[in-house]
Amino acid sequence: MKTIVEILKEIRPEFDFTASHDFINDGMLDSFDMVTLVAALDKNYGISIPGTDIVPENFQSLQTIEELLRKSGAKP
Amino acid sequence: MNFVFHRKRISGLLTVVPANERSFTEEMKNFNFPEARSLKLKEVMGYDKRRLVEPGVCVSDLAVFGVQHLFDQGLLKPDEIDALFLVTQSPDHFMPPTSNIIQGRLGLKPDVFCLDISQGCAGFVIGLIQAFLLLEQEEIRKVVLINADVLSRKASPKDRNINPLIGDAASITILERDVQDSVIHATLKMDGSRAEALIIPAGGMRMPSTSDTAMLEEVGDNNLRAKDHLFMDGAAIFNFVQVEVPPLIEGLLARAGVSKDSVDYFFCHQPNRFMLEKLADKMKIPHDRMPNNVVEHFGNSSGATIPTAITFNLRERLLHENLQVCLAGFGAGLTWSAMLISLGNVNFNTIIEYK
């Protein structure tokens with residue numbers, strides 16, 4: 001199973017996601033990247049992140065993405 | 001707002017798609033965007049092939065071609081048509097109504113009720129509601145409902161958010177009274193306070209088209225768009241669909257006393273594969289019972305996508321079978337609507353190409 005950072009690097013290889021606490025305001029993820037990320041996380045963790053949770057606040061940092069995954073039923 | 005109709009039916013469906021097919025992998029070079037990211041988006045959203053009209057082709061051209069095909073095949077007679085409704089967001093002109101133009105070009109009798117309805121992606125269910133209401137009148141025996149749009153002509157070629165998903169099409173649906181005691185349930189909601197989430201800002205009387213409104217502007221994410229072009233707040237529309245559509249459908253089914261399991265198919269508007277998969281997951285409906293393959297084959301043609309999904313996925317099956325289907329449209333307005341209807345034993349259910 002891939003880590004969140006590995007998945008993020010596949011989507012935007014030009015950024016260091018461990019060095020930012022606000023992926024959205026730092027311009028590292030746009031709305032289409034969020035969609036691509038959700039599809040990759042769903043596949044990786046065997047879940048379906050609810051559509052109503054696909055909002056920028058949930059994709060700001062590694063911590064908020066981890067929290068989203070927990071809420072969506074992903075097993076660590 | 002809820003509706004119940006008795007003894008009405010859909011007796012035929014025809015989809016007209018332009019013969020001109022474009023491929024996303026060829027078109028993605030037009031966008032100022034890395035190819036690898038475009039290909040990821042293609043996989044998730046289902047962008048692949050789409051059908052577009054050639055320059056100058058209008059809604060009435062697709063509509064006349066389709067209805068004339070039905071005449072030529074003996075599937076519809078001109079004198080049978082008592083009403084002709086056109087649902088479109090891309091009429092031939094401000095004035096006159098495009099439905100009148102279609103009537104004139106087809107040589108239909110003067111004793112016919114032509115009406116343009118300005119609705120988009122929710123427009124199939126809205127057109128059906130209007131047609132079924134009119135069929136309550138004794139003298140109205142057959143209604144031709146046309147959902148048609150050529151919105152590719154209003155999409156910026158440099159806007160990756162909109163352009164790859166748009167397709168052009170017309171659907172022609174025949175509505176009439178049913179000898180069976182069929183019951184149709186429908187529901188409809190509107191919220192004009194969110195109208196700007198899906199809008200063509202210029203070209204109407206509020207902001208007439210000028211050389212300024214035709215100028216491409218940088219609008220973020222390396223996209224270029226003019227005020228004459230179609231704008232969609234993708235995040236707002238996505239959230240709108242995920243929040244509003246499930247309770248709309250669940251309320252409709254509850255009023256009809258029908259469980260989700262007894263609905264054979266959920267034919268929703270087709271914005272993209274990802275949005276429909278998320279909608280199906282939220283409603284706990286298996287993906288194969290909520291088809292999402294229209295965008296990848298034809299593009300999103302606004303109000304024509306639901307009938308296109310029906311003609312493309314059911315084809316000859318609908319000639320011999322009766323299926324319980326739930327239809328759901330959502331989009332410009334904002335407007336969202338759903339209908340539970342028994343669909344089947346139709347006279348035709350097919351797709352033709354406009355050349």
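Each value, and the rule that gives it
Residues numbered from 1 in each chain as written. Chains lettered and ligands numbered in written order. Predicted model: local features only at pLDDT ≥ 70, side-chain atom pairs only at ≥ 80, totals over all residues. Helix = DSSP H or I, 4+ residues; strand = E, 2+ residues; numbered from the N terminus. Rg over C-alpha atoms; globule rule 2.2 N^0.38 Å. Buried ≥ 20, exposed ≤ 12 C-beta atoms within 10 Å, placed from the backbone. Contact = placed C-beta atoms within 7 Å. Nonpolar A, V, L, I, M, F, W, Y, C, P; charged D, E, K, R; others polar. Axes fitted to C-alpha atoms, helices over the stretch in contact; angles between N-to-C directions. Parallel < 35°, antiparallel > 145°, perpendicular 65-115°, else oblique. Left-handed = near helix turned anticlockwise from the far one by under 90°. Pairing = 2+ DSSP bridges. Core = buried A, V, L, I, M, F, W, Y, C linked by C-beta atoms within 7 Å. Expected span 1.5 Å × (residues − 1). pLDDT = per-residue confidence, 0-100. Right-handed = clockwise from strand over helix to strand, strands pointing away.

Looking at the overall build of chain B
Part 1 of the reasoning: The secondary structure content of chain B amounts to ten helices and 17 strands.
Part 2 of the reasoning: A compact globule built from 355 residues should have a C-alpha radius of gyration of about 20 Å, and chain B, at 19 Å, falls within 12% of that.
Part 3 of the reasoning: Structurally, chain B occupies a C-alpha span of about 55 × 45 × 35 Å along its principal axes.
Part 4 of the reasoning: Counting across all 355 residues of chain B, residues that qualify as buried make up 48%.
Part 5 of the reasoning: Within chain B, contacts between residues at least 6 apart in sequence are counted, and of these 78% link residues at least 24 apart.

Considerations on the interface of chain A and chain B
Part 1 of the reasoning: With twelve residues of chain A in contact, the opposing surface of chain B contributes 15 residues.
Part 2 of the reasoning: A class-by-class count of the residues in the side of chain A that touches chain B yields six nonpolar, five polar and one charged.

A closer look at the packing of helix 1 (residues 4-11) of chain A against helix 2 (residues 31-45) of chain A
Residue and element names in this part refer to chain A.
Part 1 of the reasoning: Between helix 1 and helix 2, the least distance of the axes is 10 Å, while the angle of their chain directions is 140°. Classified by the angle between their axes, helix 1 and helix 2 sit oblique to one another. As helix 1 runs across helix 2, the sense of the crossing is right-handed. Between helix 1, through I7, L8 and I11, and helix 2, the contact on the second element is made entirely by D33, T36, L37, A40, L41 and N44.
Part 2 of the reasoning: Residues that form the contact of helix 1 with helix 2 fall into these classes: six nonpolar, two polar and one charged.

Here we look at the sheet that holds strand 15 (residues 322-331) of chain B
Adjacent strands of a sheet form backbone hydrogen bonds with each other and so pair up, either parallel or antiparallel.
Residues and elements named next belong to chain B.
Part 1 of the reasoning: Spatially, five strands are ordered 1-9-16-15-14 in an open sheet, and the strand pairing comes out mixed. Since the sheet does not close on itself, it has two edges, and those belong to strand 1 (2-6) and strand 14 (265-268), each with one partner. This sheet shows a mean twist of 20° between the axes of neighbouring strands, independent of strand direction.
Part 2 of the reasoning: Inspection of the sheet shows strand 1 paired to strand 9 (residues 183-190) by five bridges, in the antiparallel sense. Counterpart to N2 in the pairing with strand 9 is T187.

Digging into the nonpolar core
Part 1 of the reasoning: Among the nonpolar cores identified, the biggest contains 123 residues, and A63, A170 and L327 of chain B are the most heavily contacted of them.
Part 2 of the reasoning: The contact partners of A170 of chain B, leaving out residues within four places of it in the chain, are V16, V59, L62, A63, G66, I146, N147, A148 and A304 of chain B.

Brief notes about helix 5 (residues 123-134) of chain B
Since the α-helix advances by 3.6 residues per turn, residues separated by three or four positions end up pointing in the same direction.
All names here are of chain B.
Part 1 of the reasoning: Here helix 5 spans 16 Å end to end across twelve residues, near enough to the 16 Å set by a 1.5 Å rise per residue.
Part 2 of the reasoning: Buried residues dominate helix 5, accounting for nine of its twelve residues.
Part 3 of the reasoning: Along helix 5, the residues classified as buried are G123, F124, V125, I126, G127, L128, Q130, A131 and F132.

Points about helix 7 (residues 273-282) of chain B
Part 1 of the reasoning: Burial analysis of helix 7 of chain B places seven of its ten residues in the buried class, which makes it a mostly covered element.
Part 2 of the reasoning: Where the residues of helix 7 of chain B are buried, they touch helix 2 of chain A together with helix 2 (35-45), helix 6 (234-256), strand 14 and helix 8 (294-297) of chain B.
Part 3 of the reasoning: K284 of chain B sits one or two positions beyond helix 7 of chain B and adopts a positive phi of about 55°.

Notes on the confidence of the model for chain B
Part 1 of the reasoning: Summarising the model, chain B shows a mean pLDDT of 95, and 100% of its residues fall at 70 or more.
Part 2 of the reasoning: Interface scoring of the predicted complex returns ipTM 0.89; its pTM is 0.94.

Quick notes on the pairing of strand 6 (residues 113-117) of chain B
Residues and elements named next belong to chain B.
Part 1 of the reasoning: Alternating residues of strand 6 divide into C114 and D116, all buried, and F113, L115 and I117, none buried.
Part 2 of the reasoning: Pairing geometry for strand 5 (residues 83-87) and strand 6, over five bridges, is parallel. The residue bridging A83 from the neighbouring strand is F113, located in strand 6.
Part 3 of the reasoning: Viewed along the sheet, the connection from strand 5 through helix 4 (residues 98-106) into strand 6 turns out right-handed.

What to know about the pairing of strand 2 (residues 8-18) of chain B
Residue and element names in this part refer to chain B.
Part 1 of the reasoning: Among the eleven residues of strand 2, ten are classified as buried, and the element is accordingly described as predominantly covered.
Part 2 of the reasoning: The pairing of strand 2 with strand 8 (residues 169-177) spans eight bridges and is antiparallel. Directly across from I10, in strand 8, lies its bridge partner L175.
Part 3 of the reasoning: With six bridges connecting them, strand 2 and strand 17 (residues 349-354) associate as parallel partners. Bridge pairing in strand 17 links L14 to T350.

Points about the sheet that holds strand 8 of chain B
All names here are of chain B.
Part 1 of the reasoning: Taken in spatial order, the six strands line up as 6-5-7-8-2-17 in an open sheet, and their pairing is mixed. With partners counted over all chains shown, the strands left at the sheet margins are strand 6 and strand 17, one partner each. Neighbouring strand axes in the sheet, compared pairwise and without regard to direction, differ in orientation by 20° on average.
Part 2 of the reasoning: Set on the sheet, helix 4 makes contact with strand 5 and strand 6; between it and strand 5 the angle comes to about 130°.

As for unusual backbone geometry
When glycine is set aside, most residues are seen to have a negative phi, and most peptide bonds are trans.
Residues and elements named next belong to chain B.
Part 1 of the reasoning: Cis geometry is found at the peptide bond from M95 to P96, where omega equals 5°.
Part 2 of the reasoning: Tracing the backbone shows P96 in the loop between strand 5 and helix 4.
Part 3 of the reasoning: For the bond running from G333 to L334, omega is -10°, close enough to zero to count as cis.
Part 4 of the reasoning: Within the secondary structure layout, L334 lies in the loop between strand 15 and strand 16 (335-344).
Part 5 of the reasoning: Positive phi, normally seen in glycine, also occurs at R7, with a value near 55°.
Part 6 of the reasoning: By the element assignment, R7 lies in the loop between strand 1 and strand 2.
Part 7 of the reasoning: R7 gets classed as partly exposed once you count the C-beta atoms within 10 Å, which come to 16.
Part 8 of the reasoning: Positive phi values are uncommon outside glycine, yet K284 reaches one of about 55°.

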